[in-house]
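# Observations on the three-dimensional arrangement
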Amino acid sequence: MRVVILKNADAVAKSAAEESIRRIGLADLVGTADLVGTAGLVGTAGLDSVKTPLEKPVVVGLATGGTPLGLYREWIHAYQAGQISFANTMSFNLDEYVGIPPRDPRSYHAYMHENLFRHIDIPPGRSFIPKTDVSNLDESAADYEWKIEQAGGIDYQILGIGSDGHIGFNEMGSSLASRTRVKTLTKKTRMDNARYFDSFDAVPKMAITMGIGTIMNARSILLLATGAGKAKAIRDTAEGPVTAMVPASVLQFHDDVTLMIDEEAAKDLSHREYYLESEANRRRIELAESTGLQIE
Ligand code: PGA
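Residues numbered from 1 in each chain as written. Predicted model: local features only at pLDDT ≥ 70, side-chain atom pairs only at ≥ 80, totals over all residues.

In terms of helices and strands, the protein carries 8 helices and 12 strands. A compact globule built from 296 residues would reach a C-alpha radius of gyration of about 19 Å, and the protein, at 19 Å, matches this within 12%. Considering only C-alpha atoms, the protein reaches an extent of 55 × 50 × 30 Å along its principal axes. In the protein, the proportion of contacts linking residues at least 24 apart, taken out of those at least 6 apart, comes to 78%. (Helix = DSSP H or I, 4+ residues; strand = E, 2+ residues; numbered from the N terminus. Rg over C-alpha atoms; globule rule 2.2 N^0.38 Å. Contact = placed C-beta atoms within 7 Å.)

With that out of the way, let us pick up the site of the ligand. Gly 65, Gly 66, Thr 67, Gly 160, Ile 161 and Gly 162 make up every residue found near the ligand. Split into classes, the residues belonging to the shell around the ligand amount to 1 nonpolar, 5 polar and no charged. (Near = placed C-beta within 6 Å. Nonpolar A, V, L, I, M, F, W, Y, C, P; charged D, E, K, R; others polar.)

Take the nonpolar core next. Leu 223, Leu 259, Met 260 and Ile 261 are the most contacted members of the largest nonpolar core, which totals 71 residues. With 6 residues, the top contributor of residues to this core is helix α1 (residues 9-24). Other than its neighbours up to four places away in sequence, Leu 223 contacts Leu 159, Ile 161, Leu 251, Val 257 and Leu 259. (Core = buried A, V, L, I, M, F, W, Y, C linked by C-beta atoms within 7 Å. Buried ≥ 20, exposed ≤ 12 C-beta atoms within 10 Å, placed from the backbone.)

Here the focus is the sheet that holds strand β10 (residues 206-209). Spatial ordering of the open sheet is given by β6-β10-β9, a layout of 3 strands whose pairing is antiparallel. Two strands in the sheet have a free side with no partner beyond their single neighbour: β6 (95-97) and β9 (181-184). When strand polarity is set aside, the average angle formed by the axes of neighbouring strands in this sheet is 30°. By the bridge criterion, 4 bridges tie β9 to β10 in an arrangement that is antiparallel. Bridging across to β10, Arg 181 finds its partner in Thr 209. (Pairing = 2+ DSSP bridges. Axes fitted to C-alpha atoms, helices over the stretch in contact; angles between N-to-C directions.)

Time to look at the packing of α1 against helix α2 (residues 69-80). In contact at an axis separation of 8 Å, α1 and α2 are set at 55° when each is read in the N-to-C sense. In terms of orientation, α1 and α2 fall into the oblique class. α1 and α2 meet at a crossing whose hand is right-handed. Contact with α1, carried on its side by Ala 9, Asp 10, Val 12, Ala 13, Lys 14, Ala 16, Ala 17 and Ile 21, involves Gly 70, Leu 71, Arg 73, Glu 74, Trp 75 and Ala 78 of α2 and no other residues of that element. Split by residue class, the contact of α1 with α2 holds 9 nonpolar, 1 polar and 4 charged. (Parallel < 35°, antiparallel > 145°, perpendicular 65-115°, else oblique. Left-handed = near helix turned anticlockwise from the far one by under 90°.)

Turning our eyes to something else, we now look at the pairing of strand β12 (residues 257-262). With 6 of 6 residues buried, β12 is to be regarded as a mostly interior element. Residues Val 257, Leu 259 and Ile 261 point to one face of β12 and Thr 258, Met 260 and Asp 262 to the other, with burial holding for every one of them. Chirality of the crossover, the property in question, places the unit of strand β11 (residues 220-225), helix α7 (residues 231-239) and β12 among those that are right-handed. (Right-handed = clockwise from strand over helix to strand, strands pointing away.)

This brings us to the sheet that holds strand β5 (residues 89-93). The strand order β1-β12-β11-β8-β4-β5-β7 describes an open sheet built from 7 strands, whose pairing is parallel. What marks the edges here is a single partner per strand, and that holds for β1 (2-6) and β7 (127-128). Judged from the 2 bridges that link them, strand β4 (residues 58-62) and strand β8 (residues 156-159) form a sheet pairing that is parallel. The partner of Val 60 across the bridge, within β8, is Tyr 156.

Purely geometric stuff here, so don't read any function into it on its own.
Here it is, written out as structure tokens:
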């Protein structure tokens, strides 16, 4: 597990944007928007001389909550500056509340529209969020899982983390192999999220969430955490035993996970110096690769 410790939330947002833009290839997609139809990609034959979209959209997993807002702001700025494009991406959000209709400003549908989608060029119909305004929630969850599969799985997953170590709304005790389904939210999670509602009682009690198995299938994962409130969850995730009591700890089994955190969220880590040294070495390796010089 790669642990990147940065000065503050702003530095996390900037580095997360830089890292994700590089990993998703968002800068390569500038100029492809006019080649992408809402129904899918146009053929690329004969277009070799201009920028052409990739054969298959890049599938990005997205998170809500306070933490990814800085990253989304950075993406929006880069898009508005003409540096990146989402024309060849497709997105799947982690979760949605049960009992909050999509048009309600407190829904994650509304959050995504307001904080990202309405500002960028992701094609209409290419962004998915679990549907909870239905009578059959189990069927809706299974359908969401199927849609992810049909899209070829998630290439790059953005994650936040709950103060109790949840990822998505996979609360403690979630099966580490779980798929998209309905989960009951813990009191702690509902208290953490009460700031977005008029009262604690108004916070929904359930959500549809991608499962831990669904998240683990993502090819690459970027988990962001800022603030002292996340310090214990981060320590348990990176340095604790793997346990369903801390769902994020299962990420230790994934071969491409980066925890990008600020100093406050890093404050309880026992091996802080080692993580900083590893990052410094990573930069030396990259420098050697770009200059062709061997590391002494
Ligand atoms: P937050 O939520 O970003 O608002 O802290 C994270 C989460 O609960 O996963």
